[in-house]
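Chain by chain, the residues:
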Amino acid sequence: MKHFLFSLVAQFVIGLSAAEAQSEEVLPDQSKALEALHPDSNFGKTLHIQPSDDSSALRDVQATDRIDILRSEGEWYEVDLRTQEGIEFRGWLRGGLPTQRQAPQLPPATPKQAKKELKPLQSKTINWFWSGMDGDHGSISFVAGFQQLKYFLTGLQDINSVSTRVTAPGYDFAGVDLGMLARFNVMEAPILNRKLRWYFDLRYNYGFLSVTFGNNSLGTGQSVPPELEGTAYRITTHNLKALTGTSWQFATWSGGDLSGHICAGIFYLESAPDLRRTDSSQIVFTQISLSSFLQRTGLEIKFMDRMALGAGLGLILLPSFSEDPKSAGAASFESTGLPYLIDGNFQFWLSKTWSVLLMGELLQTKAKQSGTSSRLGSDYEDLIAELSYYKFLAGIGFHF
């Protein structure tokens, strides 16, 4: 019986020991849970009444002071401070944010690529003028030089009862020509590995000519009437060409290329002389104007990276020929044949921005006036007019 009681007591003691050991392994360390949070960096040097830099200061912290942390609010810590002399203070010190409260470091964000702004008619192969990829946007040039203007008239007259074609009063004068040329490149694109370009061309020329009649001729072989001898007349000309077209490189090589041009637009020419009358109330000259559709084809060769040589042929289509004031009893002029315009130019680049150029131009056009017309007191039948000019110009160009 004694042995049985002893065994029960022993088992009870062993059970209590095992339970105590198990409880020591499972229960957490409560003392660590009550530890105050510590700053990630050192405290500031000033003890404040409140957790704010604007609050009153209690004391400057010394190296010999003992600090006990009570609690924290963000980067501020409430502490008990005991000096070496045993004086106690309670206040707030500024420190770094506790490690436990710091946000975990995230991996660096991948920068988003800015979306390219879509532009109208944007293309990977076509460079429009607004893309800025084409270095040659166009040019403006100013030229001046010499112009020879000719208005040659022939008509039928009865001479000894025979209808004979004779020369009527016209003019053949020389003078100064001033011009402005502007080109604007709209776009370029590769076609069969060659550059294709679309452009606008605008050219305006103003000419002024003057003549003082001597006692020999009117410039047409006829004698000058006595009332015109010594009289000075002025003639001004206005010439406008507005074209749009394309150019395409046929071939390229080091320092140059060969390209073809084709363009179309409007052509206008006006010859406006003085419309003064003679003492016998006869008009000496008339004002002539020509407007038409112009189609031009040309070639241009560039070489040595600095020079270019070009030439072109323009066909004046559907021309409208007018004269003012109209001769007495005469019908309107009607264009005959196929008027044409030939031009050539040479350009030398001084730099990427500036160049000098030489150019020449020749115009030939004809018109017919049916019926009877009067010129300086003489009547003519079926006048045929030839209006032509040639000019040689030089100038300077600005490229942008």
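Computed from a prediction, not measured in an experiment: that's the story for all the values here. Position labels on residues start from 1 in each chain and follow its written sequence. Per-residue local features are limited, in this predicted model, to residues with pLDDT of at least 70; the limit for side-chain atom pairs, both in listing and counting, is 80 or more; totals at the level of whole chains, interfaces and linings are taken over all residues. Neither water nor hydrogens contribute to the side-chain values; these are computed over all heavy atoms in the structure.

### Details of the overall build of the protein chain
Under the DSSP-based scheme used, a helix requires at least four consecutive residues in state H or I and a strand at least two consecutive residues in state E, with every element numbered from the N terminus. On a plain count of helices and strands, the protein chain comes out with 2 helices and 16 strands. Counting over 400 residues, the protein chain shows a buried share of 35%. Residue pairs in contact within the protein chain that sit at least 24 positions apart in sequence constitute 64% of those at least 6 positions apart. Areas reported here follow the Shrake-Rupley algorithm with a probe of radius 1.4 Å; residue values treat only the protein chains shown as occluding. As presented, the protein chain carries roughly 24,100 Å² of accessible surface, and 58% of it is formed by carbon and sulfur atoms. Each residue's exposure class comes from its accessible area (1.4 Å probe, protein chains only) as a fraction of the maximum for that residue type: buried when under 20%, exposed when over 50%, partly exposed otherwise. Residues count as neighbours in contact if any of their non-hydrogen atoms are within 4.5 Å of one another.

### Some thoughts on the pattern of salt bridges
The working definition used for a salt bridge is a side-chain nitrogen of Lys or Arg within 4 Å of a carboxyl oxygen of Asp or Glu. As enumerated under the stated definition, the model contains 15 salt bridges in all. Here glutamate 73 ties to arginine 71 by a salt bridge, and the two come within 3.1 Å at their closest N and O atoms. A relative accessible area of 40% means that arginine 71 is categorised as partly exposed. The structure contains a network of salt bridges with shared partners spanning Asp53, Glu75 and Arg94.

### With respect to the pairing of strand S16 (residues 378-399)
One requirement defines pairing of two strands: DSSP has to find at least two bridges between them. Pairing of strand S7 (residues 138-159) with S16, which is carried by 17 bridges, proceeds in the antiparallel orientation. The residue bridging alanine 144 from the neighbouring strand is alanine 394, located in S16. Relative to S16, strand S15 (residues 354-375) runs antiparallel, the two being bridged by 20 bridges. For alanine 367, the partnering residue across the bridge sits in S16 and is alanine 385.

### As for the nonpolar core
Only buried Ala, Val, Leu, Ile, Met, Phe, Trp, Tyr and Cys residues count toward a nonpolar core, and they belong to the same one when joined by side-chain atoms within 4.5 Å. Counting residues in each nonpolar core, the largest one holds 34 residues, and the members touching the most others are Tyr151, Tyr171, Phe267 and Phe321. Of all hydrophobic cores here, the second largest spans 7 residues; its members include Val61, Ile69, Tyr77 and Leu81.

### Topic: unusual backbone geometry
Positive phi outside glycine occurs at asparagine 160, with the angle close to 55 degrees. Along the chain, asparagine 160 falls in the loop between S7 and strand S8 (162-191). In the Ramachandran plot, aspartate 382 falls in the positive-phi region, its phi being about 50 degrees despite a non-glycine side chain. What makes aspartate 382 partly exposed here is its relative accessible area of 24%.

### Details of empty space enclosed by the protein
Every definition here rests on a 1 Å grid over the protein atoms only: cavities are sets of points where a 1.4 Å probe fits but cannot get out, pockets are open sets enclosed by protein on both sides within 12 Å along at least five of seven lines, and lining residues have some atom within 4 Å of a point. Grid points are joined across faces, edges and corners, and a volume is the space filled by probe spheres set on the points. Tallying each qualifying case throughout the model produces 1 cavity of 30 Å³ or more. Space inside the largest cavity adds up to approximately 100 Å³. Contributing to the lining of the largest cavity are Arg183, Tyr199, Asp201, Arg203, Lys241, Leu243, Cys263, Leu294, Arg296, Leu341, Asp343 and Glu361. Among the elements of the structure, strand S9 (194-212), strand S10 (232-253), strand S12 (287-303) and strand S14 (333-349) are those that each provide at least two residues to the lining of the largest cavity.

### Some thoughts on the layout of surface pockets
Of the voids in this model, the largest pocket is the one considered here, and its volume is about 1,200 Å³. Lining the largest pocket are 45 residues, and of these Asp136, Glu300, Lys302, Trp349 and His399 lie nearest its centre. Per-element tally for the lining of the largest pocket: the top contributor is S12, with 6 residues. In this classification, the charged set is Asp, Glu, Lys and Arg, the nonpolar set is Ala, Val, Leu, Ile, Met, Phe, Trp, Tyr, Cys and Pro, and all remaining amino acids, among them Gly, are polar. Residues that form the lining of the largest pocket fall into these classes: 12 nonpolar, 18 polar and 15 charged.

### Some details on the confidence of the model for the protein chain
pLDDT is defined as a per-residue confidence score from the predictor, taking values between 0 and 100. In this model, the protein chain carries a mean pLDDT of 81, and residues with pLDDT of at least 70 account for 76%. The low-confidence segment residues 21-34 (pLDDT under 50) makes 0 contacts with residues lying over four places distant or belonging to another chain.

### Overview of the packing of aromatic side chains
When the centres of two rings from Phe, Tyr and Trp lie within 6.5 Å, Trp using its six-membered ring, the rings pair. Their planes under 30 degrees apart give stacked, over 60 give edge-to-face, and anything left gives tilted. Counted according to the given criterion, the structure contains 13 aromatic pairs. Ring centres of phenylalanine 173 and phenylalanine 285 lie 5.9 Å apart, and the angle between their planes is 85 degrees; this geometry places the pair in the edge-to-face category. Of this pair, phenylalanine 173 sits in strand S8 while phenylalanine 285 sits in the loop between strand S11 (256-273) and S12, and the two are 112 residues apart along the sequence. In terms of burial, phenylalanine 173 and phenylalanine 285 fall into one category: buried. Measuring from ring centre to ring centre gives 5.4 Å for tyrosine 233 and phenylalanine 285, while their planes differ by 85 degrees; the resulting arrangement is edge-to-face. Residue tyrosine 233 is located in strand S10, and its partner phenylalanine 285 is located in the loop between S11 and S12; the two are separated by 52 residues in the primary sequence. With relative accessibility at 3%, the residue tyrosine 233 sits in the buried group. Here the aromatic cluster, defined as three or more aromatic residues joined through ring pairs, consists of Tyr151, Tyr171, Phe173, Tyr233 and Phe285. Distance and angle both matter: a charge sits over a ring if NZ of Lys or CZ of Arg is within 6 Å of the ring centre and within 35 degrees of the ring normal. Residue placement shows arginine 183 over the ring face of tyrosine 199; its charged tip is 4.1 Å from the ring centre.

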